[in-house]
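# Coordinate inspection notes
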Amino acid sequence: MGKLQNKFEWITRLNTRVAGVISITIPILALLIMYEIIMRYGFGRPTTWVHDISQFLFGAGYMLGAGYTLAVDGHANMDMFYSRFKKKGRAVLDIISGILFQFYVIILTWKCGLIAWDSVKYREVLTQSAFEPPLYPIKIILFIGCILLLLQGLLKLLGDIETVLSSFSNHINNSEERVA
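Residues numbered from 1 in each chain as written. Predicted model: local features only at pLDDT ≥ 70, side-chain atom pairs only at ≥ 80, totals over all residues. Heavy atoms only, no water.

Moving on to the overall build of the protein chain. The secondary structure content of the protein chain amounts to eight helices and zero strands. Here the protein chain has a C-alpha radius of gyration of 22 Å; the compact-globule value for 180 residues is 16 Å, and the former is much larger. Based on the C-alpha atoms only, the size of the protein chain along its principal axes is roughly 85 × 35 × 25 Å. Looking at the protein chain as a whole, 30% of its 180 residues qualify as buried. At a minimum sequence separation of 6, the contacts of the protein chain that also span at least 24 residues come to 72%. Just so you have it, the protein chain exposes about 12,200 Å², and 68% of that area is on carbon and sulfur atoms. (Helix = DSSP H or I, 4+ residues; strand = E, 2+ residues; numbered from the N terminus. Rg over C-alpha atoms; globule rule 2.2 N^0.38 Å. Buried < 20%, exposed > 50% of the residue type's maximum accessible area, 1.4 Å probe, protein only. Contact = heavy atoms within 4.5 Å. Areas by Shrake-Rupley, 256 points an atom, 1.4 Å probe, with all protein chains shown as cover.)

Following this line, the structure appears as structure tokens:
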């Protein structure tokens, strides 16, 4: 881990903690779906709320776990292509894709923030459901997930830049030693 990454290590720790807390939703989600199946097919009494709550839990888990997945390098990449490069070459590719990623996540965060703000302002509810749960809590959670992903992406980008710069610096130092 580089010097810059050490200074901002709290971002990875935060994403790890959030992922640990949100991982609790997976067994809750499984229990809810099992409850719905039993009620629907066992007793002929489907619920009006399990589908909505399970979608909210899944969305929260997905977005709040994205930063952690990036921190542990769990996102998919083109290994056939990527694995052919040495550490410096991978870092250069990561910088290029990291800049594009940051651009995308900045726009995503901005839009999610606006959507969450409007949802809170109008106390939005899911009207297509008989349950009619409020939507603003999940939209706020999605916005928070975007912020966590943005921070982790920025930390990764800084680490990749640091890797390339230190490799370049080592190359210059080795060249100077050969000349001397």
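Take the side chain of Asn15 next. On the secondary structure map, Asn15 appears in helix H2 (residues 9–22). Judged by relative accessible area, which is 0%, Asn15 ranks as buried. Those residues within four positions of Asn15 in sequence are excluded, and the remaining contacts are Gly67, Tyr68, Leu148 and Gln152.

Below, the discussion takes up the pattern of salt bridges. This structure, assessed with the given rule, holds six salt bridges. One salt bridge in this structure joins Lys139 and Glu124, with 2.8 Å as the shortest N-O distance. With Lys139 in helix H8 (residues 136–179) and Glu124 in the loop between helix H7 (87–121) and H8, the pair connects residues that are 15 residues apart, well separated along the chain. The exposure class of Glu124 is partly exposed, given its relative accessible area of 27%. Sharing partners across several salt bridges, the network here consists of Asp94, Lys156 and Asp160. (Salt bridge = Lys/Arg side-chain N within 4 Å of Asp/Glu carboxyl O.)

Here Leu29 lies in helix H3 (residues 25–42). Between the C-alpha atom of Leu29 and that of Arg123, which follows or precedes it by 94 residues, the distance is 25 Å. Every residue in contact with Leu29, bar those within four places of it in the chain, is listed here: Ser54, Leu57 and Phe58.

In this section: the packing of aromatic side chains. In this structure the tally under the stated criterion is two aromatic pairs. Measuring from centroid to centroid gives 6.0 Å for Tyr35 and Trp49, while their planes differ by 35°, and the two rings are tilted. Placement of Tyr35 in helix H3 and of Trp49 in the loop between H3 and helix H4 (50–64) is noted, with a sequence separation of 14 residues between them. When its relative accessible area of 30% is taken as the criterion, Trp49 is described as partly exposed. With a centroid separation of 6.4 Å and 25° between ring planes, the pair formed by Phe58 and Tyr62 is classed as stacked. Note that Phe58 and Tyr62 are positioned in helix H4 at a spacing of four residues, about one turn of the helix. (Phe/Tyr/Trp six-rings, centres within 6.5 Å; stacked < 30°, edge-to-face > 60°.)

Our next topic: H7. Compared with the 51 Å implied by 1.5 Å per residue over 35 residues, the 48 Å span of H7 between its first and last C-alpha is a close match. Every buried residue belonging to H7 is among Ala91, Asp94, Ile95, Gly98, Gln102, Val105, Thr109, Cys112, Gly113, Ala116 and Ser119, and all of these are buried. A positive phi of about 50° marks Arg123, the residue just after H7. (Expected span 1.5 Å × (residues − 1).)

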